[in-house]
Amino acid sequence: MKDFNGAAAWAGITAFVWYAFGAVPLHIAVSGQLGLSTAQTSSWIFVVWFTGAIASIWLSLRFRQPIPITWTIPGLVYLGTLADRFTFAEIVGANLVAGVLLLVLGLLGFGGRIMRWLPLPIIMGMFGGSILSYVIRMVSATVEDVAVAGTAVVCFLVGRLIGNPRVPPVALAVIGGAIAVAFSGTVGPQSVEWSVPTLGVPDVAFSFSAIIAVSLPMVVLAMGLGNVQGLGFLLAQGYRAPVDIVSSVVGATSIVNAVLGGHPATVARTGVAILASSDAGPVAGRYWASIVAAALTIVLAWAATPVASLLGILPQSYIFAVAGLAILSAFQDSLEKSFGGKLRFGAVAGFVVAATPFAVLGITSAFWAIIAGLLASALVERRELLEFWRAPVSGGK
């Protein structure tokens, strides 16, 4: 407990707020698209949150690093688009195959090779472009709801002005914004619903077309996007991220998820942006932020239905503002590491592509940002790119 601090605790709470209000609604919506029953939906929600929380706690305590494991949001969105193409049993089978592939790639050290091949400036450019929308959404929420979001922003700025680690800016934003919600009367009239999730092993079917259409994109989205962005940010913060071990844990977690009807796990890139940023306190104690978030996520796993009902109670402007403020320092850091040294043109290309919302072959722009950044550097900064590939890599197993 010697590394525990208030800033880390508040960062963990903020990450949990983002998980609950940024991801749960999407999960429920996709379950509806797939036509799942209440039992199937509750099993899915429980397993992906619970296994991710357990993996996060173990990794964070084992390596003293903020390593949050959740599930791939782009992957979930992609599954929703396949509702009319495959049965749920086929999707479960494809997710199981994806989990096995992720585990094998992790055990073979492929995760470490990905980090070795991808220059940090390009990764951070991609990361900055990917989270830009959260910052923009914070600004939009502030303009549209000055009373709530504006209060949160002002409280955050006051915290930055104070500059005391014992007074985390994000904590002031959370508290100040919550008080503004209470006084503004924007709390919704809905009541909280209480129920306990049920677990069930769904039917499993394997089809070649589902494996091609689901498994391979899931591997790319989980390892090529979440792991690369999240672990890349940890490396940029000076951590020796255990890339291969984390990749293996993600694979094992994904297998357990699939058995109970869930989809693949990944390193939470948004979670890392909150939990590993400077606002999470001293570097040595930031792993506590991940532990706090994971502990609260276990509660979320057991209380999926009541947490979901809160979506009709708290205004979106509050959630958007707090999440954007929590990510702000990570966004600033990504810009500094992208454009403050070599391979800046590749970083710019990666940033611009990642910031543009599109999908090709069912894969979102963040993946194509990696390709664009590498191609841009290969064309314009070839010497610098070759120097990076020949140099020793930071980070470890």
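Refer to the preceding data block for the structure.
We now turn to the structure provided with this report. Model, not experiment: these values are computed from the prediction.

Procedures and definitions
- Residues numbered from 1 in each chain as written.
- Predicted model: local features only at pLDDT ≥ 70, side-chain atom pairs only at ≥ 80, totals over all residues.
- Heavy atoms only, no water.
- Axes fitted to C-alpha atoms, helices over the stretch in contact; angles between N-to-C directions.
- Helix = DSSP H or I, 4+ residues; strand = E, 2+ residues; numbered from the N terminus.
- Parallel < 35°, antiparallel > 145°, perpendicular 65-115°, else oblique.
- Left-handed = near helix turned anticlockwise from the far one by under 90°.
- Contact = heavy atoms within 4.5 Å.
- Nonpolar A, V, L, I, M, F, W, Y, C, P; charged D, E, K, R; others polar.
- Patch = residues over 30% accessible without salt bridge, like charges linked within 9 Å, V, L, I, M, F, W, Y side chains within 5 Å.
- Areas by Shrake-Rupley, 256 points an atom, 1.4 Å probe, with all protein chains shown as cover.
- Salt bridge = Lys/Arg side-chain N within 4 Å of Asp/Glu carboxyl O.
- Buried < 20%, exposed > 50% of the residue type's maximum accessible area, 1.4 Å probe, protein only.
- Phe/Tyr/Trp six-rings, centres within 6.5 Å; stacked < 30°, edge-to-face > 60°.
- Lys NZ or Arg CZ within 6 Å of the ring centre and 35° of its normal.
- Expected span 1.5 Å × (residues − 1).

## Things to note about the packing of helix H6 (residues 120-144) against helix H7 (residues 146-162)
In step 1: Between H6 and H7, whose axes approach to 6 Å, the crossing angle comes to 130°. Judged on the interaxial angle alone, H7 and H6 are oblique. At the point where H6 passes H7, the crossing takes the left-handed sense. Residues Ala-141, Thr-142, Val-143 and Glu-144 of H6 form the contact with H7, whose own contacting residues are Val-146, Ala-149, Gly-150 and Val-153.
In step 2: In terms of residue class, the contact of H6 with H7 is made up of five nonpolar, two polar and one charged.

## Focus on a nonpolar patch on the surface
In step 1: Among the surface-exposed residues, Leu-101, Phe-208, Ile-212 and Leu-216 lie close enough to one another that they form a single nonpolar patch of about 390 Å² accessible area.
In step 2: Ranked by residues supplied to the nonpolar patch, first place goes to helix H9 (residues 208-236) with three residues.
In step 3: Within the secondary structure, Leu-216 is located in helix H9.
In step 4: Of the residues examined, Leu-216 reaches a relative accessible area of 42% and is grouped as partly exposed.

## Some words on the packing of aromatic side chains
In step 1: By the definition in use, this model includes eight aromatic pairs.
In step 2: An aromatic cluster is defined as three or more aromatic residues linked by ring pairs; in this entry it consists of Phe-4, Tyr-287 and Trp-288.
In step 3: Over the ring of Phe-63 we find Arg-62; its NZ or CZ atom is 4.7 Å from the centre of that ring.
In step 4: When the ring centre of Phe-320 is taken as origin, the NZ or CZ atom of Arg-137, which lies over that ring, is 4.3 Å away.

## Some thoughts on helix H15 (residues 344-355)
In step 1: Taking 1.5 Å per residue as the helical rise, H15 with its twelve residues ought to reach 16 Å, and the 16 Å between its terminal C-alpha atoms agrees with that figure.
In step 2: Along H15, the positions that sit buried rather than exposed are Gly-346, Ala-347, Ala-349, Gly-350, Phe-351, Val-353 and Ala-354.
In step 3: For H15, the secondary structure elements touched by its buried residues are H6, helix H14 (316-339) and helix H16 (365-380).

## Description of the environment of Ile-162
In step 1: Its location among the elements puts Ile-162 in helix H7.
In step 2: Separated by 96 residues in sequence, Ile-162 and Ala-258 have C-alpha atoms that sit 47 Å apart.

## Overview of unusual backbone geometry
In step 1: Phi is positive for Arg-64, close to 55°, though the residue is something other than glycine.
In step 2: With respect to the secondary-structure elements, Arg-64 resides in the loop between helix H2 (38-63) and strand S1 (69-71).
In step 3: Take Arg-64: its relative accessible area is 43%, and that puts it in the partly exposed class.

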